[in-house]
Amino acid sequence: MNGVEQSDGQQPDGPSRRIDPSRSTCVLIGVDNYTHLDSLRSVKHNLTELRAALTDNEIWGIPEDRITTVSNPGTPSELVGPIREAAKRAEDTLIVYYAGHGLLDRHDQRLHLTLPDSAEDQPYTSVRADDVRHAIRENGSALRRVLILDCCFSGQVLTQMSAADRGVRGGKVAVETLRDVEGSYVMTSAPRDRPSHAPDPLSCTAFTGALVDIMRQGVPDGPGMLGLHALFEGVKARIASMRPELPQEPQDEDHNGVGALGFIRNVAVLPPLPAPAAPPPAARRGRTALLSLLAGATGLVLGLVLPPALDGWQETDPAEATGRCSPRAVLLDHSDALDKEDVENEKVEGISALGLQSADPPVALALADNSPGRVFPLKLGSPFDLKPSAGRANTLRPAEGGKLPSWYDGEALVIEKGGKTMLIGSETGPSIRRFKIEGGEQIGPSIPVPKELQYPPAGGAQMGRGIESLAVSPDGRYLYAGWEAPLAQDGDTGGGNILRIQRYTGTHGGAYTPDRQYAYVSGNGMYLVELAAVDSGRLLALERQYTASLGSAIQVVEISLANASDVTGEESLYDQPADIYAKTEPVFDLAQCPAGGPGMVATPGTRQLNPLLDNVEGMALGGAWTDGPYKGWRPLYLVSDDNSNETQITRVYSMAVQLS
């Protein structure tokens, strides 16, 4: 890089020396779901992780309203249109990123960017790179234009090229895309074929994964600001160090020194940005103020650009507690309206499980774990503007009448298809019973619990930490029951608890029979308190831990059962090989959600690192949104258990989550 750097490693501001995020725009385009070509699940992770890196103030810090994500555009206009709009808004630099299959026309060897319905040898089903170039070059007055292509050049058209030429040729075609555009820069993955391009569907592609890694880790001994070419060199070295089976050689091309301009902070050599001064303690409010729909939308936009947790607190004009918690989750709203409320002289307290009855409007059932067992119907309001209210509870009763035993401890609830029955998991026993939703009477016998999952002397479950969670797959074929803590003989590994999940097969309203048993390793010291079924082979797990001196830890992870071993009959899972466990992927940590300004979140009486935290135990997952700002994402509701304690809060949270 030319020029003299300042003492903090950053070059002087100005359009000639650095790429200014506040005056730039960015479009991230990805296609992962194809009709005729191979699917590329990695592309979803590319969009999520790259957006998170670019919006991170520690790295570049582009405002959320200046970056657009386009997932699986169905038509050429849906792909090209956002580029044109972003080009009109860019004053400094326009950055366009595309990930997906790339095809070369067998006749003129021109690059085509694919759409979900694209097919080989049918160029009219794709978008010509020329059209992308025109959209980038001929719109707006940006000083610079940047194109980053993570394309694969697989397919029938490449079988006619020699093995030595096809990757090189593909790379040359890609970098030539903006050759006639002054003040431009192009970076391309130029892989030889798809396997080297996307080796693991559960993570980013090799090229974008390396790009994000360099952004997040920086370059040791490098300058304070990294330019695009410095990033490229880091990516190229990172991919080479992976030693892929098929060589993959990224390429770049620079016009007018764009690649040498300061782009992102080199976090490997620069200290973290100073955090705002610590806010004064916020007085507890009896109930969180709710936003109107308009104010809620405004708060959401503001929340997305604020740092996580307490760093966003302000003395004046405090921001609302909404915004991004992770690349895959956004806090939409929270409400304490149910806290210390009662319905017909019955307190709404001890809520330990949540089941969603309907999505529009959102209506749920909430299970209280104290005696007598009760289920409250809840109206939740909009996920963007929570207004929870409880109706009269239904008391759970044995089939023969009377009352459930005083030691009953209901911790899990799922609503069966048809909405007339529900399954309740009790920590005492442990047991799983079916009840009528209307009236609360038990129906039929309890669902059997395998001997090894029972309490001693029959099994190895820890007393008081048995069944804590239930989930039913959308088709009703599988019932999942999760144990809160490890069996005595399983223990932990590397600080994470080894937790068992029992799968049953059956039908909604019918018998369920123990089928397979899975295990996964929780976060360090975390326990499993709730499950939700994403589909027949994936679950969301709500994990919780409480430490008196630190407060609560609450996180949600996605569990894939696809390649997990059946551990039924395994006496002990301690010191077993890692590949027997189900794979997990983090979705969010509640402590990283923005808590807004002073007074925006009522502070629990218990010590918490973030006032949003409390004893969260219930979780319910809704279906994917089909339109709106979170199209394709899913609503997720959480509820905290106040343990009938004055120092804790019954709190409802609404989230938007993106599931792979």
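Everything below is about the structure printed above this text.
One structure accompanies this document, and this report is about it. Everything numeric here is computed off the predicted structure, so don't read it as measured data.

For the rest of this paragraph, the subject is the sheet that holds strand 12 (residues 329-335). With respect to topology, five strands assemble into an open sheet ordered 11-12-34-33-32, the strand pairing being antiparallel. On the outer flanks of this sheet lie strand 11 (323-326) and strand 32 (616-621), each paired with one strand and no other. Averaged over neighbouring strand pairs, the angle between their axes works out to 30 degrees when direction is ignored. As defined by bridge partners, strand 32 adjoins strand 33 (residues 634-640) across five bridges and the pair is classed as antiparallel.

With that settled, the discussion passes to the pattern of salt bridges. Under the counting rule described, the total for this entry stands at 24 salt bridges. Residue Arg133 is joined to Asp130 by a salt bridge in which the shortest nitrogen-to-oxygen separation is 2.9 Å. Here the residue Arg133 and the residue Asp130 both occupy positions in helix 3 (residues 129-137), the gap between them amounting to three residues, near one helical turn. You can call Arg133 buried: its relative accessible area is 13%. Judged by relative accessible area, which is 13%, Asp130 ranks as buried.

The next thing to look at is the packing of helix 6 (residues 206-217) against helix 7 (residues 228-242). In the contact formed by helix 6 and helix 7, the axes pass within 9 Å of each other and the chain directions differ by 120 degrees. Comparing their axes, helix 7 and helix 6 come out oblique. Judged by the sense of rotation from one axis to the other, the crossing of helix 6 with helix 7 is right-handed. Across from Ala206, Phe207, Ala210, Leu211, Asp213, Ile214, Met215 and Gln217 in helix 6, the residues of helix 7 making contact are Leu231, Gly234, Val235, Arg238, Ile239 and Met242.

Here the bond from Asp360 into Pro361 is cis, since omega is 0 degrees, no more than 30 degrees from zero. Looking at the element boundaries, Pro361 is found in the loop between strand 15 (351-359) and strand 16 (362-368). Each neighbour pair has its own omega, and for Gly429 with Pro430 the value is -15 degrees, a cis peptide bond. Take Pro430: it is sitting in the loop between strand 21 (421-426) and strand 22 (431-436). At Asn72, a residue that is not glycine, the phi angle is positive and equals roughly 55 degrees. Structurally, Asn72 can be placed in the loop between strand 2 (67-71) and helix 2 (76-89).

Okay, the pairing of strand 24 (residues 478-483) next. With six of six residues buried, strand 24 lies mostly within the body of the structure. Side chains of strand 24 alternate between two faces, with Tyr478, Tyr480 and Gly482 and Leu479, Ala481 and Trp483 buried alike. Here strand 23 (residues 467-472) folds back onto strand 24 in antiparallel fashion, the turn holding five residues, of which Gly476 has a positive phi close to 75 degrees. Pairing of strand 24 with strand 26 (residues 496-506) involves five bridges; the strand directions are antiparallel. Each residue of the ladder has a partner; that of Gly482, found in strand 26, is Ile501.

Of all six residues in strand 23, six are buried; the element is thus mostly enclosed. Across five bridges, the pairing between strand 23 and strand 24 is antiparallel. Its bridge partner being in strand 24, Ala471 is matched across the sheet by Tyr480.

Our focus in this paragraph is the sheet that holds strand 20 (residues 410-415). Reading across the sheet, the three strands line up as 20-21-22 and stay open at both edges, with antiparallel pairing between neighbours. For this open sheet the edge positions go to strand 20 and strand 22, each flanked by a neighbour on one side alone. Taking the axes of each pair of neighbouring strands and ignoring which way they run, one obtains an average angle of 25 degrees across the sheet.

Rules of the game
- Residues numbered from 1 in each chain as written.
- Predicted model: local features only at pLDDT ≥ 70, side-chain atom pairs only at ≥ 80, totals over all residues.
- Heavy atoms only, no water.
- Pairing = 2+ DSSP bridges.
- Helix = DSSP H or I, 4+ residues; strand = E, 2+ residues; numbered from the N terminus.
- Axes fitted to C-alpha atoms, helices over the stretch in contact; angles between N-to-C directions.
- Salt bridge = Lys/Arg side-chain N within 4 Å of Asp/Glu carboxyl O.
- Buried < 20%, exposed > 50% of the residue type's maximum accessible area, 1.4 Å probe, protein only.
- Parallel < 35°, antiparallel > 145°, perpendicular 65-115°, else oblique.
- Left-handed = near helix turned anticlockwise from the far one by under 90°.
- Contact = heavy atoms within 4.5 Å.

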